[in-house]
Amino acid sequence: MNFMRKGLVFVLLFLLVGCSTNLGDQNQENIDTNEKVHLNIKQADLIASFTDNEKYLNKDLLNSIDMLEDDDLVNVIISLKSTGLVDKFNENNKGYLTLSEYANSRIAAKSIEQMSLEQKEVIQTLIDGEYVNEVKHTYTTLFNGFSATTTYGKLKKLEKAGLDIDVTISEVYSEPEYKTLSTDKLVGGNQTVTNFVNVYETGIFNSSGIGYDGNNTSVAILDSGFDVHHTVFQNMPDNPMLSINDIESVLYDTKAYGYANNIKAQDVYLNAKIPFAYDYADKDADVAPYDSDHGTHVAGIIGGKDEVITGVAINTQLVLMKVFGDINNGAIQDDILAALEDAILLGVDAINLSLGTACGFSRSSDNEYINVVYDKIEAAGISLLVAASNDYSSGYGGENSNTNKASNPDSATVGSPGTFKSTFSVASISGVKSSYIIDESGYTFFFNNANNNAGKAYSFYEMLYESLDATSETLEIEYVTVPGVGKKVNYSNINVKGKIAL
């Protein structure tokens, strides 16, 4: 299978997965005349965990907002004017077939050496000028630059220093969540509404009829922790794309090796199913989940296989890249960029980012710059599949019970990086049966459950069933239309305990 064909296959497969659910908290901003930002408790805690304060980098108001103090910590991405390997490869690849092959050439090694010298010179200037505290990552593949920690006060001085560099604030993505449905709730019966989506009982798309199973391909998954010992990852591919020798040949150029130069291929190569696993947030080879199994959930949907789970591409290899820290419940943009650079060096066919945030960036200029960086991935010929950050509305999980009012209008439901031009944005669908109502005429419609102030959904059917002390499997009660008269209606739900007659 040639490169272009493989990429197309994975676009089609991931389009049908629909694996992202409830991803990202909202950076909802209600700005009054004093330009003050009001955050709900969960949002404030998330920001505080990364900045050691309860302030927030407010969109479009960074240079004028008065609630940030000069000693507040921020992460920044700094890029130099000369280009990285992706641009150099596309400008003149000297006959190399892939970017991964080019990146391991002598020509690329000389370019990397030159970029490193340029970076060291700029870094020394910034340290001598006390513009930054410390350097976190260096980049040579997607672009020529590095990331660093600084303070808000130093950032203001840096942007006025007149240096020939671009400075971008590193965004924080909230930890993704997922919901599962136990198999004992998948009750059969006569279905009033037919689900024409071809899914297994687990809700995963049934791709068995497509003709491709992922053989000789690899997918990089940037997510929370991964349970690499789970039964879903014990099915080895028939024709693996990446061997331990392939990993060893590029390891010394990866960010993973740069963080700990004593790391060996055996540390990151687990088996033929998982040829590479590394934690870019904590800078170690341990990708085990600390408090979230979302990464395991996503990787299982993409390429897992056991007695219960059948993924979309069961014979693909899974490159597992943990970008959410063990302690902090969020992913920082510059850690994500480091993982993306290594994914490109490994030559993966597709990259999956089931994460996002619905309100985007601290400044519009940051959004524009990161768009350009992500364009490099597309230029490298890699399919980049990103969650649409399907949060229903920008008010989801906020103080208004998941709704938007005139005071906080819905700004968007699709979030970054899913909105970037180079990404293939994927929203989720419900692959399981949901609550519905049948009126007297036989008309069927689905409904959303109400939520409390914390954004937690009530189970309307269960509450109604218990309040009426019902014993029958189908409830028939009166309701009122507007304008109208009392009628009879059947409330049925096949996503609750017990058997429900439809």
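Quick caveat, the model's predicted, so the values are computed rather than measured.

Trainee: Describe the overall build of the protein, listing the residues and the values that go with them.
Mentor: Along its length, the protein carries 13 helices and 16 strands. Counting over 502 residues, the protein shows a buried share of 50%. The contacts in the protein between residues at least 6 apart in sequence include a share of 73% that link residues at least 24 apart.

Trainee: Can you break down the pattern of salt bridges residue by residue, with the values?
Mentor: Considering all chains together, one arrives at eight salt bridges under this definition. Residue Asp 166 is joined to Lys 81 by a salt bridge in which the shortest nitrogen-to-oxygen separation is 3.4 Å. A residue pair is termed long-range when its members are at least 10 positions apart, and Asp 166 in strand β4 (residues 166-169) and Lys 81 in the loop between β1 (73-79) and α3 (85-91) qualify at 85 residues. When the shortest N-O distance is used, the salt bridge between Lys 322 and Asp 279 registers 3.0 Å. With Lys 322 in strand β8 (residues 317-322) and Asp 279 in strand β7 (residues 276-279), this residue pair connects regions lying 43 residues apart in the sequence. An identical accessibility class is assigned to Lys 322 and Asp 279; each is buried. In this structure, a network of salt bridges that share partners links the residues Asp 279, Asp 282, Lys 322 and Asp 326.

Trainee: Summarise the nonpolar core; cite the residues concerned and give the values.
Mentor: Core analysis: the largest hydrophobic core is formed by 57 residues, its most contacted members being Leu 222, Phe 276, Met 321, Ile 336, Ile 351 and Tyr 374. Considering each element in turn, this core owes the most residues, nine residues, to helix α11 (residues 333-346). Apart from residues no more than four positions distant in its own chain, Ile 336 is found in contact with Tyr 173, Leu 222, Val 323, Ala 331, Leu 353, Leu 355 and Tyr 374. The next biggest cluster of nonpolar side chains, apart from the first, holds 17 residues, and it includes Ile 221, Ala 277, Val 287 and Ala 350.

Trainee: Go over unusual backbone geometry with me, naming the residues and quoting the values.
Mentor: Non-glycine residue Glu 130 carries a positive phi angle of around 55°. Summarising the element assignment, Glu 130 is placed in the loop between α5 (106-128) and β2 (134-139). Classification of Glu 130 as exposed rests on a relative accessible area of 58%. Although it is not a glycine, Lys 283 adopts a positive phi angle of roughly 60°. When you line up the elements, Lys 283 lands in the loop between β7 and α10 (294-303). Judged by relative accessible area, which is 31%, Lys 283 ranks as partly exposed.

Trainee: Give a detailed account of the packing of aromatic side chains, specifying residues and quantitative values.
Mentor: On inspection of all chains with the given rule, the structure shows seven aromatic pairs. Where Tyr 278 meets Tyr 280, the ring centres are 5.0 Å apart and the plane angle is 70°; that geometry is what we call edge-to-face. Accessibility classification places Tyr 278 together with Tyr 280 in one group, the buried group. Here the basic side chain of Lys 283 rests over the ring of Tyr 259, its NZ or CZ set 5.1 Å away from the ring centre.

Trainee: Can you break down the sheet that holds strand β12 (residues 424-426) residue by residue, with the values?
Mentor: Read from one edge of the open sheet, six strands run β7-β8-β6-β10-β11-β12, paired in parallel fashion. Each edge of the open sheet is held by one strand with a lone partner, namely β7 and β12. Direction aside, neighbouring strands of the sheet carry axes that sit 20° apart on average. In terms of strand pairing, strand β6 (residues 218-223) meets β8 through six bridges, oriented parallel. Bridge pairing in β8 links Leu 222 to Met 321. Each of β6, β8 and β10 (350-353) is contacted by α10, which is oriented at about 160° to β6, the strand it contacts most.

Trainee: Tell me about the environment of Val 323, and please be specific about residues and values.
Mentor: Here Val 323 lies in the loop between β8 and β9 (330-332). Setting aside residues up to four positions removed in sequence, Val 323 forms contacts with Leu 222, Asp 223, Ala 281, Gly 330, Ala 331, Asp 335, Ile 336, Ala 339 and Leu 355.

Trainee: I'd like a description of the environment of Val 268, backed by residues and values.
Mentor: If you trace the backbone, Val 268 turns up in helix α9 (residues 265-268). Residue Val 268 is classed as buried on the basis of its relative accessible area of 0%. Sequence separation of Val 268 and Tyr 278 is ten residues, and the distance between their C-alpha atoms is 6.4 Å.

Trainee: Please provide a residue-by-residue account of the sheet that holds β2, values included.
Mentor: Taken in spatial order, the four strands of this open sheet run β2-β3-β1-β4, and their pairing is antiparallel. Two strands in the sheet have a free side with no partner beyond their single neighbour: β2 and β4. When strand polarity is set aside, the average angle formed by the axes of neighbouring strands in this sheet is 30°. With seven bridges connecting them, β1 and strand β3 (residues 145-151) associate as antiparallel partners. When the sheet's bridge partners are listed, Asn 75 is paired in β3 with Thr 149. Sheet strands in contact with α5 are β1, β2 and β3, and its direction is about 10° off that of β3. On the sheet, α11 packs against β1, β2 and β3 and is oriented at approximately 30° with respect to β2.

The rules we used
- Every chain's residues receive numbers from 1 upward, in the order its sequence appears when written.
- Owing to the predicted nature of the model, reporting of local features is limited to residues with pLDDT of at least 70; listing and counting of side-chain atom pairs is limited to 80 or more, with chain, interface and lining totals taken over all residues.
- Heavy atoms throughout the structure, all of them, feed into the side-chain values; hydrogens and water do not.
- Strands are runs of DSSP state E lasting at least two residues, helices are runs of H or I lasting at least four, and both sets are numbered from the N terminus onward.
- When accessible area is computed with a 1.4 Å probe and restricted to protein chains, residues below 20% of their type maximum are described as buried, those above 50% as exposed, and intermediate ones as partly exposed.
- Any two residues whose heavy atoms approach within 4.5 Å are treated as being in contact.
- A pairing counts as a salt bridge when a side-chain nitrogen of Lys or Arg comes within 4 Å of a carboxyl oxygen of Asp or Glu.
- Residues enter a nonpolar core if they are buried and are Ala, Val, Leu, Ile, Met, Phe, Trp, Tyr or Cys, with the set joined through side-chain atoms within 4.5 Å.
- Whether two aromatic rings pair depends on their centres lying within 6.5 Å, for rings of Phe, Tyr and Trp, where Trp uses its six-membered ring; planes under 30 degrees apart make the pair stacked, over 60 edge-to-face, and the rest tilted.
- Distance and angle both matter: a charge sits over a ring if NZ of Lys or CZ of Arg is within 6 Å of the ring centre and within 35 degrees of the ring normal.
- For two strands to be treated as a pair, DSSP must find at least two bridges joining them.
- In this analysis, axes come from line fits to C-alpha atoms, helices being fitted only over the stretch in contact, and the angle between any two N-to-C directions falls in the range 0 to 180 degrees.

Just geometry here; none of it tells us what the structure is for.
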